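# Residue-level structural notes
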Amino acid sequence: MSRREEHEAYLERILSNSLTSENPSKETYERARLDSPTYFNNLKFGLMHKYQDWDLLDIEGSKVIENIYGETLRITRKEKIDFSLENKRESIKHELASNLRLMPGIGLQTEMKLKEDGYHTFYDLINHPSYGKKAEKLIQKIEKNCFIKEFNLLKSLNKYPDYKNSTLKALSSLDPFNLKFMDIETLGLSSAPIILIGIAEIKGKCIESNQYLLREKEEEPALIEAYLSHLDEASVHVTYNGAIFDIPFIKNRARLYRINSKLDQTHFDLIYPARNLWKDKLPNCKLTTIEEHLFDIRREDDVPGAYIPDYYRTYLTTNNIGPLVPIIEHNRMDIVSLAHFLMRIYEESF
């Protein structure tokens, strides 16, 4: 194929993604249909008809629970997962020990000079007249096999282009149960209630999701407290854009009710390593786009976040649970997908 023919084929492929082209693709028609408010309005009424005789407790795994702030609804689901992360212990130690820039006062030029003089690792620097004592302290951190220390050391390398996604290696030192895959749904982008919090945890060969649903706005403190009951100082948040949105949002709502939110644990926000890996390979780095292109998962009747407030308000005004069903499923798939994304990102990063 000539360059001109290649160029024309490329233009045809790009233009087929537009409804204004002469020959829009089937995928373009389908995307336009799913972007239509009419489609989601019809879907909502269809769901209301389908679930008109249902109660929230008819949803699989649902149960009303109580804590110091009152009652909320918990929905628990469990499914099998083969969750494993390759052990990077020796790789981490070697990488940390040989990166002299981890020591304050050593930059790229100084590191190059020290390595020319035979100081290739911190172990070599122990007898150095200027850096010996600092090297001993860093070696103690490296040898301690402590997730937090390794994470913080690796995080300090993120500013270097060759070390993007390096913090993921620290996961080798972590019990998978401590990973808390979480996502929230809200009634707005700020100063609005949280209507659903989902958290998924690895338990043996299964992943268990617990979702806390706001049946009425007065239950929000109980919903937040229920989520917080899953966390302790060893917990590690795993989110998708949660560092900017989800965690700060929960903190603000917890502060409103004077709840001690305990949300300053280590955080892996997968949107950043996902962009590092796939921003030039995929149309975008949305969660659903990654699912479709990398895992061949296509969600049926999924409701985008923009429509969730309207669906939830319809539930409040009609007491019909139909509009809640896709919100709950959307949230559950998000948190379970994070576990699969983490394994894939971990594998492709190293």
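This text goes with the structure placed above it.
Residues numbered from 1 in each chain as written. Predicted model: local features only at pLDDT ≥ 70, side-chain atom pairs only at ≥ 80, totals over all residues. Heavy atoms only, no water.

This part covers the packing of helix α7 (residues 132-143) against helix α8 (residues 147-155). The geometry of a pair of packed helices is captured by two quantities: the angle between their axes and the separation between those axes. One can describe the packing of α7 onto α8 by two numbers: an axis separation of 8 Å at closest approach and a directional angle of 120°. Between α7 and α8, the angle is such that the two are oblique. Contact residues: α7 offers L138, K141 and I142, while α8 offers K149, E150 and L153. Looking at side-chain class alone, the contact of α7 with α8 contains three nonpolar, no polar and three charged residues. (Axes fitted to C-alpha atoms, helices over the stretch in contact; angles between N-to-C directions. Helix = DSSP H or I, 4+ residues; strand = E, 2+ residues; numbered from the N terminus. Parallel < 35°, antiparallel > 145°, perpendicular 65-115°, else oblique. Contact = heavy atoms within 4.5 Å. Nonpolar A, V, L, I, M, F, W, Y, C, P; charged D, E, K, R; others polar.)

Counting 54 residues, the largest nonpolar core has F83, F122, L171, L179, F181, Y240 and L270 as its most contacted members. For this core, the leading source of residues is helix α14 (residues 324-349), giving nine residues. With residues up to four places along the chain from it excluded, the contact list for L171 reads L85, F147, L179, F268, L342 and Y346. Counting 43 residues, the second-largest nonpolar core is a separate cluster that includes L196, A226, L231 and I259. (Core = buried A, V, L, I, M, F, W, Y, C linked by side-chain atoms within 4.5 Å. Buried < 20%, exposed > 50% of the residue type's maximum accessible area, 1.4 Å probe, protein only.)

The residue G61 is located in the loop between α3 (37-50) and β1 (62-67) in this model. With 16 residues separating them along the chain, G61 and R77 place their C-alpha atoms 6.0 Å apart.

Take the sheet that holds β1 next. One key point about sheets: their strands pair by backbone hydrogen bonds, in either a parallel or an antiparallel sense. Pairing within the open sheet is mixed, and its seven strands lie in the order β1-β2-β5-β4-β3-β6-β7. If you trace the sheet from one side to the other, it starts and ends with β1 and β7 (266-269), each paired once. Each strand axis lies, on average, 30° off the axis of its neighbour in the sheet, ignoring direction. As paired strands, β1 and strand β2 (residues 70-80) are joined by six bridges and run antiparallel to one another. Bridge pairing links K63 to R74 in β2. Running over the sheet, α8 touches β6 (236-239) and β7 and is turned about 50° from β7. The strands that helix α9 (residues 220-228) touches are β1, β2, β3 (179-186), β4 (194-203), β5 (206-213) and β6; relative to β4, the one it contacts most, it runs at about 15°. (Pairing = 2+ DSSP bridges.)

Right, let's get into the side chain of N320. Positionally, N320 belongs in the loop between α13 (308-318) and α14. At 2.9 Å, the side chain of N320 and the backbone oxygen of M48 are in polar contact. A distance of 2.8 Å separates a polar atom in the side chain of N320 from the backbone nitrogen of G322. Setting aside anything within four residues of it in sequence, one finds N320 in contact with L47, M48, Y51, Q52 and Y315. (Polar contact = N/O pair within 3.5 Å; in protein donor to acceptor, adjacent residues only side chain to side chain.)

This paragraph deals with α8. Here α8 has its buried residues at F147, E150, F151, L153 and L154. For α8, the angular spread of buried residues about the axis comes to 165°, placing them on one side. Buried residues belonging to α8 abut α4 (89-97), α7, β6 and β7. (Arc of directions from axis to C-beta.)

Moving on: unusual backbone geometry. For S191, which is not a glycine, the phi torsion comes out positive at approximately 50°. One can find S191 in the loop between β3 and β4. Judged by its relative accessible area of 74%, S191 is exposed. In this structure, N241 is a non-glycine residue whose phi angle is positive, near 75°. On the secondary structure map, N241 appears in the loop between β6 and α10 (246-256). With a relative accessible area of 28%, N241 lands in the partly exposed category.

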